[in-house]
Amino acid sequence: MERTIQRALISVFHKDGLAQIVRALHALNVEIVSTGGTKDFIESLGIPAVAAEDLTHYPSMLGGRVKTLHPAIFGGILARRDEEQDQREVAEYDLRLIDLVIVDLYPFEATVASGASEAEIIEKIDIGGISLIRGAAKNFQDVLIISSSSQYPQLLEILTHQGGCTSLEERKRFAGAAFAVSSGYDSAIFNYFDKGENSALRIAVDGVETLRYGENPHQEGFFFGDFDAYFDKIQGKEISYNNLQDIAAACDLIAEYKAPTFAVLKHNNPCGIASRDTIEEAWTAALSSDPESAFGGILIANRSIDKATAKAIGSLFFEVLVAPDYDTDALSLLTQKSKRILLIQKKPITSRFSFRSALGGVLMQETDSRSEDKTHFEVVTRKAPTEDELDDFVFAQKVAKHCKSNAVALVKDSHLLAVGIGQTSRVAALKQAIEKAGRFGFDLHGAVLASDAFFPFDDCVTLAAQAGVTAIVHPGGSIRDGDSIAKADELGLAMVLTGVRHFKH
């Protein structure tokens, strides 16, 4: 069912890109109805416009709060062209049918973000604009709604190549986009009034990317968000669902470290990480943690990748490399394999809350943004840790925090020697880490052990001491903490408690 645009209502806050649209409408002899500043802008182009007040016979009133909220406007938008009763009333009340509505909304979110007063924020709650969007979208059978300036190129195509004619499919597609705009706008307003009380969950995210597939090839996958706000992609294949999860985990981990640090992750878990004086040295140490798992992994650094580091990475197969920048001569080496995904992280990724689906609903929690330093350590054994062990505690705790529970990390000299990840018991996680450290030739004498949660029994203390570990950090909180402390004293280990658990499931 085609419809031809003969009359348009334009009421916009932002004028960028509007001039070309107005000129195209004028070229098609479309009558333009407009309001206030938009009408002034149109007339400044030498194009006539009918004031909305000429249709309503009421001026803009109440400080601009009421401009278009009138049957003369909304009747022209909502009138059904194929409904006889509607058309009789159109004739009776001398309504002018409106075929195209172009409108945007007051910048509510930007006003909130600016720190404006509540009075200023409330005035940026759009009433007329949101009503125009909903009305025109509801009547998509007959009316085309343009609810964002990002749609101007599509509208221009309709005007210049289709003579202003639209199909039902086109109008319905634009209506769907309009309801996305209106629902997002209302979500922002609700969240402002909710003030973090979480009385209901309203999330609106614009921008969707259809992925090749989800976690597995038989699953569909989508990403809602603005990847380009955080990263510049230099080269590489299409980023997958699993890549995105790994990149997120890598960025969360590397954000914990200030010294030059390189990390390697696989399936969201760190398998290698080290801090050194140079990023090349950090890479070499991180790779040595588990060179097997590094194959096909995610690499991330918190310093620019120089030529020496790129050369050290060499021909290793990896999925993604993330860094704050790359030297030109480093890129000449790294880009020799075109499928490698190379990303520049432009800014930190911060989020107050994290979400996951469960039981047909949504679990929401505050993001675990806490990390412990030396001031959080309570020495509970007769032997106190050395300064080097305290430094390694800080390093190791951050690693354990970013591993799937149950998790332990074995660290020496700001270098991850091995991790035990995702085990159903803590002792199994420790056995896994000790076995892995031995397999890759690491001497655990003088290493520290960090655990993401308390030790329910003293078996882990005994096992750690037998492997050569000299100091342990864990949250504490077990009714048997005393057993673990006593065993550490018996075996001559230092132990500190943090009082903070870092489960990750």
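Conventions adopted
- Residues numbered from 1 in each chain as written.
- Predicted model: local features only at pLDDT ≥ 70, side-chain atom pairs only at ≥ 80, totals over all residues.
- Heavy atoms only, no water.
- Pairing = 2+ DSSP bridges.
- Helix = DSSP H or I, 4+ residues; strand = E, 2+ residues; numbered from the N terminus.
- Contact = heavy atoms within 4.5 Å.
- Axes fitted to C-alpha atoms, helices over the stretch in contact; angles between N-to-C directions.
- Parallel < 35°, antiparallel > 145°, perpendicular 65-115°, else oblique.
- Left-handed = near helix turned anticlockwise from the far one by under 90°.
- Nonpolar A, V, L, I, M, F, W, Y, C, P; charged D, E, K, R; others polar.
- Buried < 20%, exposed > 50% of the residue type's maximum accessible area, 1.4 Å probe, protein only.
- Salt bridge = Lys/Arg side-chain N within 4 Å of Asp/Glu carboxyl O.

*Asks:* Hey, could you run me through the sheet that holds strand 6 (residues 144-146) in this one?
*Replies:* Working definition: the strands of a sheet are paired by backbone hydrogen bonds and lie parallel or antiparallel to each other. Strand order in the open sheet made by the five strands is 4-3-2-5-6, with parallel pairing throughout. Each end of this open sheet is capped by a strand with a single partner; those strands are strand 4 (50-51) and strand 6. Lying over the sheet, helix 1 (residues 18-27) contacts strand 2 (7-11), strand 3 (31-34) and strand 5 (100-103), oriented at roughly 160° with respect to strand 2. Across the sheet, helix 2 (residues 36-44) touches strand 2, strand 3 and strand 4, and the angle it forms with strand 3 is around 140°.

*Asks:* Where do I start with the packing of helix 18 (residues 459-467) against helix 19 (residues 481-491) in this structure?
*Replies:* Working note: a packed helix pair is described by the angle between its axes plus the distance between those axes. Running from amino to carboxyl end, helix 18 crosses helix 19 at an angle of 25°, the nearest separation of the two axes being 8 Å. Put simply, helix 18 runs roughly parallel to helix 19. Crossing angle aside, the handedness with which helix 18 passes helix 19 is right-handed. Listed contacts from helix 19 to V461, T462 and A465 of helix 18 are S484, K487, A488 and L491. In the contact of helix 18 with helix 19, the residues fall into four nonpolar, two polar and one charged.

*Asks:* In this structure, what is going on with helix 12 (residues 279-289)? I would like to understand it.
*Replies:* Working note: α-helix, 3.6 residues per turn, so residues spaced by three or four point in the same direction. Where helix 12 is concerned, the buried positions are I279, A282, W283, A285, A286 and S289. In the core, the buried residues of helix 12 are packed alongside strand 11 (261-266), strand 12 (269-275), helix 13 (291-294), strand 13 (297-301), helix 14 (307-313) and strand 20 (416-420).

*Asks:* Help me understand the pattern of salt bridges, please; the structure alone is not making it clear to me.
*Replies:* Note on pairing: side chains with opposite charge can pair once their charged atoms come close. Within this structure, the stated rule accounts for 20 salt bridges. Among the salt bridges present, the one from R81 reaches D99, with a minimum N-O distance of 3.0 Å. Placement of R81 in the loop between helix 4 (71-78) and helix 5 (84-92) and of D99 in the loop between helix 5 and strand 5 is noted, with a sequence separation of 18 residues between them. With its nearest N and O atoms 3.5 Å apart, the salt bridge here joins R370 to E372. On the accessibility criterion, R370 (41% relative accessible area) is partly exposed.

*Asks:* Where do I start with the packing of helix 4 against helix 8 (residues 128-138) in this structure?
*Replies:* One way to put it is that helix 4 packs onto helix 8 with a least axis distance of 8 Å and a crossing angle of 30°. It follows from the interaxial angle that helix 4 and helix 8 lie roughly parallel. For the pair helix 4 and helix 8, the contacting residues are I73, F74, I77 and L78 in the first and G128, S131, L132, G135, A136 and K138 in the second. Across the contact of helix 4 with helix 8, the residue classes tally to six nonpolar, three polar and one charged.

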